Amino acid sequence: MGLRQLVIDAWSWLNYKPVMADAGRPGSRAFPELAKTWVPPHEMRRLAAYKVLASYDSNQAGQLTALGGDASALERRELGDAANLVDTALGYLLGSEQKVSVEGAEHADEDTPTPGAAEAAAVQKRLREWADKELLTFRVQQAERAAVLLGDSVMVLAWNPEKRRPTLRVYDPGFFFPQWDDDADDDFPTRVHLAWDLPADDDAGLKARVRRVTYELGPISEGGDEAEESPATGARTYPWEPGRASNTTCYLTDAEWLLEDLNGEPLDRLPMSKASFRIGADGTELNRLDLMVDFVPVVHIANTIPDGGEHWGRSVLARVLQALDELAATDSDSSAASATTGTPIIGLAGARLPVDRATGKPQELQVKAGAVWQLGETGRMDALDTSPQLAELRARVDHLLERIAANSRVTAAGLGTLDATEVPSGYALKLALGPLDGLIGMMRLAREHKYRLLFKMVQRLYQAGRAEGWTAGETLPARLAWAPHTPTDRGAVLEEVVKAYGAGVLSLETAVTMLLEAGYPIKDASQEVERIRAKAQQEAEVRMAEAAARRGREEDEEDDAGPGVGEERKTAKRESEREPVGSGR
């Protein structure tokens, strides 16, 4: 089956797949759930691409290929190479740990802290407490694995009045349907849908439904309900922008529709007259509920920096998907060749075959240990040797793995397939890891602004919820700090820090931060600085006390020895102090 249309978009690298050949309804045969009437047509290729990538992650790419017409693909061996590539890239992206960092908080413990440093340190402490309670590390790993595999991920924040803190949830990017406004700033959509199917439950008497959660920015309604034609709007002052009135708020709608009630209406125009609205924990109907914030609490994370005019990221598998297909096919051929090598095909001439007494027909010979075949005087046995072909197939597997490592930029050193004897020095290893450094740098850059946005929303939700300790004022910039993605030479870093700090070209805070980034077991840089200074002060006080005690003992000895001896000792001490250090050499 050839390509029906030439389509160049964010998922063009999948056009070679038969399930993606139909640009209008891709995957309609392989993924019948995408044929739902409410799914927007322009989102079909994106959703089908997610399905294809998920099949590689679960070793089902052969089944997907078989649905395209290649029945032999069902016998294809898939040994987890795609999942290994995703998990390896994810591990390098995340590093050993992630921490919330607020700009300026590292200067709070200095002798002369910079203005606002104490406030930044307090906000950083509260954000880290929130991160611990909301299992941020776990949520980040959930979101990032989906982003690395599928190219996109979605995180949603919501204020929980019972817990008195924002909650964080990760959603499948296939549920995410942003509505872009061509007339507005397209960096952030003003309307976002999260939608998915709910299967029928015969035991509970529930029919098949579609659930849609909508976040939408709109003018503030004075009466609590906003009319569509001529709303009465008001103004509100948000705690993060004191002194500035805003007439914008975010509305939440959470509703369900029976699939049988839909007659081809797209997701954005489902009939509200047939909707069944959900009820919140406090008994409020979730129909245009005013969230009392002026932003959409949804963060879309892209794995890569999108091209101009695009909003979606690209999977780490995108450039090597065909190579993974080749690798699976080669593995299957290698398995077949190993079977004929271990149990070869044998040709016999002039053999006396045993006869089955029941049927009178010759019995089939089996190649097994201890078998004895009787050959005539002119008998001959020939074995088919397939070991050269097996060796060639194994060499091709190694070649494909090298290609995958190079083209994905994870590198053979990053995947752990590089022979250590081939690396002559640490500098050569650093050069070998160069493409991986560039890949991780690009992936972290694509996420930098999104996590800053996430922590800004967390602070503002705390302010909107009037949580204890969160006063009105400007939101402080916070970011997610990543640990180094490759091993660091701790000894070299320690030597550099000691020399630079001893020479006075580095502050103690910067020195401790460098040790923290190098992987030393330092939990908190500011607390470590405080402990170092406290220990230094304690040691200085001990030395001063010892010196005072020593001077007291010397004075007592001089008094006991008499005035003449005391004067001689003082004179000798002054002479020794004037004597050059190297005079005795």
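Everything below is about the structure printed above this text.
Residues numbered from 1 in each chain as written. Predicted model: local features only at pLDDT ≥ 70, side-chain atom pairs only at ≥ 80, totals over all residues. Heavy atoms only, no water.

**Details of the sheet that holds strand β12 (residues 298–302)**
Either a parallel or an antiparallel arrangement is found when strands of a sheet pair, and the pairing is made through backbone hydrogen bonds.
Here is step 1 of the chain: Across the sheet, three strands lie side by side as β3-β2-β12; this open sheet has antiparallel pairing. Looking at which strands have only one partner, the edges of the open sheet turn out to be β3 (165–171) and β12. Averaged over all adjacent pairs, the angle separating strand axes in this sheet is 25°, with direction ignored.
Here is step 2 of the chain: With respect to the sheet, helix α10 (residues 434–464) is in contact with β2 (152–160), β3 and β12, its orientation differing from that of β12 by roughly 165°. (Pairing = 2+ DSSP bridges. Helix = DSSP H or I, 4+ residues; strand = E, 2+ residues; numbered from the N terminus. Axes fitted to C-alpha atoms, helices over the stretch in contact; angles between N-to-C directions. Contact = heavy atoms within 4.5 Å.)

**Regarding a nonpolar patch on the surface**
Here is step 1 of the chain: Taken together, the side chains of L348, L353, L375 and M381 present a nonpolar region at the surface, about 320 Å² in accessible area.
Here is step 2 of the chain: When you line up the elements, L353 lands in the loop between β13 (346–352) and β14 (374–383). (Patch = residues over 30% accessible without salt bridge, like charges linked within 9 Å, V, L, I, M, F, W, Y side chains within 5 Å. Areas by Shrake-Rupley, 256 points an atom, 1.4 Å probe, with all protein chains shown as cover. Salt bridge = Lys/Arg side-chain N within 4 Å of Asp/Glu carboxyl O.)

**So, the packing of helix α3 (residues 81–94) against α10**
Here is step 1 of the chain: The interhelical angle for the contact between α3 and α10, taken along N-to-C directions, is 70°, at an axis separation of 10 Å. Comparing the axis directions of α3 and α10 gives the class roughly perpendicular. Remark: the crossing between α3 and α10 carries right-handed chirality. In this structure, α3 contributes A89, Y92, L93 and L94 to the contact, and α10 contributes L436, I440, M443, R444 and R447.
Here is step 2 of the chain: For the contact of α3 with α10, the residue count by class is seven nonpolar, no polar and two charged. (Parallel < 35°, antiparallel > 145°, perpendicular 65-115°, else oblique. Left-handed = near helix turned anticlockwise from the far one by under 90°. Nonpolar A, V, L, I, M, F, W, Y, C, P; charged D, E, K, R; others polar.)

**Quick notes on unusual backbone geometry**
Here is step 1 of the chain: Here N59, not a glycine, exhibits a phi torsion of approximately 60°, which is positive.
Here is step 2 of the chain: Structurally, N59 is set in the loop between α1 (44–57) and α2 (61–67).
Here is step 3 of the chain: Of the residues examined, N59 reaches a relative accessible area of 34% and is grouped as partly exposed. (Buried < 20%, exposed > 50% of the residue type's maximum accessible area, 1.4 Å probe, protein only.)

**A short note on the environment of W240**
Here is step 1 of the chain: Tracing the chain through its elements places W240 in the loop between β7 (236–237) and β8 (245–246).
Here is step 2 of the chain: When the C-alpha positions of W240 and T471 are compared, they lie 8.8 Å apart, and in sequence the two are 231 residues distant.
Here is step 3 of the chain: In this view, W240 contacts M292, V293, D294, F295, R460, Q463, A464, G473, E474 and T475; residues no more than four positions away in its chain are not counted.
Here is step 4 of the chain: At 3.5 Å, the side chain of W240 and the side chain of D294 are in polar contact. (Polar contact = N/O pair within 3.5 Å; in protein donor to acceptor, adjacent residues only side chain to side chain.)

**Considering the side chain of T330**
Here is step 1 of the chain: Tracing the backbone through its elements, the reader meets T330 in helix α6 (residues 321–342).
Here is step 2 of the chain: Residue classification places T330 among the buried positions, given a relative accessible area of 4%.
Here is step 3 of the chain: A polar atom in the side chain of T330 sits 2.8 Å from the backbone oxygen of E326.
Here is step 4 of the chain: Apart from residues no more than four positions distant in its own chain, T330 is found in contact with L393, R396, V397 and L400.

**Regarding the packing of aromatic side chains**
Here is step 1 of the chain: Evaluated as defined, the whole model comprises nine aromatic pairs.
Here is step 2 of the chain: Here W38 and F177 contribute two aromatic rings whose centre-to-centre distance is 6.0 Å and whose plane-to-plane angle is 80°, an arrangement assigned as edge-to-face. In this pair, W38 is assigned in the segment before α1 and F177 in strand β4 (residues 176–179), connecting sequence segments 139 residues apart. Assigned by exposure class, W38 and F177 land together as buried.
Here is step 3 of the chain: A ring pair is formed by F176 and W312, whose centres lie 6.1 Å apart and whose planes are at 80°; its orientation type is edge-to-face. On the criterion of sequence distance, the pair formed by F176 in strand β4 and W312 in the loop between β12 and α6 is long-range, its members being 136 residues apart. (Phe/Tyr/Trp six-rings, centres within 6.5 Å; stacked < 30°, edge-to-face > 60°.)

**A closer look at the pattern of salt bridges**
Here is step 1 of the chain: Applying the stated criterion to the full structure yields 23 salt bridges.
Here is step 2 of the chain: With a shortest N-O distance of 3.4 Å, R209 and E256 are connected by a salt bridge. With a gap of 47 residues between them, R209 in strand β6 (residues 209–219) and E256 in strand β9 (residues 248–258) connect regions that are remote in the sequence. Exposure class is identical for R209 and E256. Each is buried.
Here is step 3 of the chain: Between R452 and E448 there is a salt bridge whose closest N-O contact spans 3.1 Å. Remark: E448 and R452 occur in helix α10; sequence separation between them is four residues, near one turn of the helix.

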